[in-house]
Amino acid sequence: INAEYGGNPDYELSVADLREWEEEHGTVPGNAVVIMETGWGDKYYDSEGYYGTARDVTAEDFDYDQWMKEIHFPGFSAELANELYDNYDIAGIGIDTASVDPAVQQTFPVHFKLATKNIYNLENLCCLDKVPSSGATMMAIPPKIKGF
């Protein structure tokens, strides 16, 4: 779903956005991964643009709590997470921002709701503008982490 968020860094993808996408592409199929393309991935190498704050996360005096109050990026709304949970048989969701929850949602309702049904999250995705709006095949392979 390409989010027409109008430059609002706190945009939350809504049920209405999903319905609009379905009008054009049909109902989300079972075992699908619902991907939100915001264009945010283009900002990945610009920390201030990506997180919406100039605070240096590598600074010795970094204040995580203050940083969390300053960050801004779009994500899925809690309302949409509930809709996907209750009425769709999806495998996962993904986004080209740092989190599937918009930065303004400090309690991570999307993460927690979907995790109870083992619906996975893919974050920091890139090149979503090269993926078709529907019908793509996805392979999500976790990296091998030494010691695990």
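Residues numbered from 1 in each chain as written. Predicted model: local features only at pLDDT ≥ 70, side-chain atom pairs only at ≥ 80, totals over all residues. Heavy atoms only, no water.

Undergrad: What's the story with the overall build of the chain in this structure? I'm lost.
TA: Each helix and strand in the chain was counted, giving 5 helices and 5 strands. Computed over the C-alpha atoms, the radius of gyration of the chain is 16 Å, within 12% of the 15 Å expected from 2.2 N^0.38 for a compact globule of 148 residues. Considered along the principal axes of its C-alpha atoms, the chain spans approximately 50 × 40 × 30 Å. Looking at the chain residue by residue over its 148 residues, the buried ones come to 37%. In the chain, once contacts between residues fewer than 6 apart in sequence are set aside, the share between residues at least 24 apart is 71%. If you sum the accessible surface of the chain, you get close to 9100 Å²; carbon and sulfur atoms cover 50% of it. Within the chain, one finds 9 positive and 26 negative side-chain charges whose respective centroids are separated by 8 Å. (Helix = DSSP H or I, 4+ residues; strand = E, 2+ residues; numbered from the N terminus. Rg over C-alpha atoms; globule rule 2.2 N^0.38 Å. Buried < 20%, exposed > 50% of the residue type's maximum accessible area, 1.4 Å probe, protein only. Contact = heavy atoms within 4.5 Å. Areas by Shrake-Rupley, 256 points an atom, 1.4 Å probe, with all protein chains shown as cover. Lys, Arg positive; Asp, Glu negative; His and termini not counted. Charge placed at Lys NZ, Arg CZ, Asp CG, Glu CD.)

Undergrad: What am I meant to see in helix α4 (residues 78-87) here?
TA: In an α-helix, one full turn covers 3.6 residues, which means residues spaced three or four apart are oriented alike. Taken together, the buried positions of α4 are occupied by L80, A81, E83 and L84. Axial view of α4: buried residues confined to an arc of 160°, hence all on one face. Those residues of α4 that are buried lie in contact with β1 (12-13), α1 (15-25), β2 (33-36), β3 (75-76), β4 (92-95) and α5 (109-115). (Arc of directions from axis to C-beta.)

Undergrad: For this particular structure, what's the right way to read the environment of E20?
TA: One can find E20 in helix α1. For E20 and I93, which are 73 residues apart along the polypeptide, the C-alpha to C-alpha distance reads 17 Å.

Undergrad: Looking at this structure, I do not really get the packing of α1 against α4. What am I missing?
TA: Any two packed helices are characterised by the angle at which their axes cross and by the distance between the axes. Between α1 and α4, the shortest axis-to-axis distance is 8 Å and the interhelical angle comes to 55°. Put simply, α1 runs oblique to α4. On the side of α1, the interface is formed by V15, L18 and R19, while α4 contributes E79, L80, E83 and L84. Per-class residue counts for the contact of α1 with α4 are 4 nonpolar, no polar and 3 charged. (Axes fitted to C-alpha atoms, helices over the stretch in contact; angles between N-to-C directions. Parallel < 35°, antiparallel > 145°, perpendicular 65-115°, else oblique. Nonpolar A, V, L, I, M, F, W, Y, C, P; charged D, E, K, R; others polar.)

Undergrad: What exactly am I supposed to notice about the packing of aromatic side chains here?
TA: Scanning all chains against the criterion turns up 6 aromatic pairs. Between Y44 and Y45, the ring centres sit 5.1 Å apart and the planes meet at 90°, which makes this aromatic pair edge-to-face. A relative accessible area of 44% places Y44 in the partly exposed class. On the basis of relative accessibility, which here comes to 79%, the residue Y45 falls in the exposed class. A centroid spacing of 5.4 Å and a plane angle of 80° characterise the contact between Y44 and Y50, whose relative ring orientation is edge-to-face. An aromatic cluster of three or more residues is present, and its members are Y44, Y45, Y50, Y51, F62, Y64 and W67. Positioned over the ring face of Y85 is K113, at 4.2 Å from the centre of the ring. The ring of Y85 has K117 lying over it, and the distance from NZ or CZ to the ring centre is 4.8 Å. (Phe/Tyr/Trp six-rings, centres within 6.5 Å; stacked < 30°, edge-to-face > 60°. Lys NZ or Arg CZ within 6 Å of the ring centre and 35° of its normal.)

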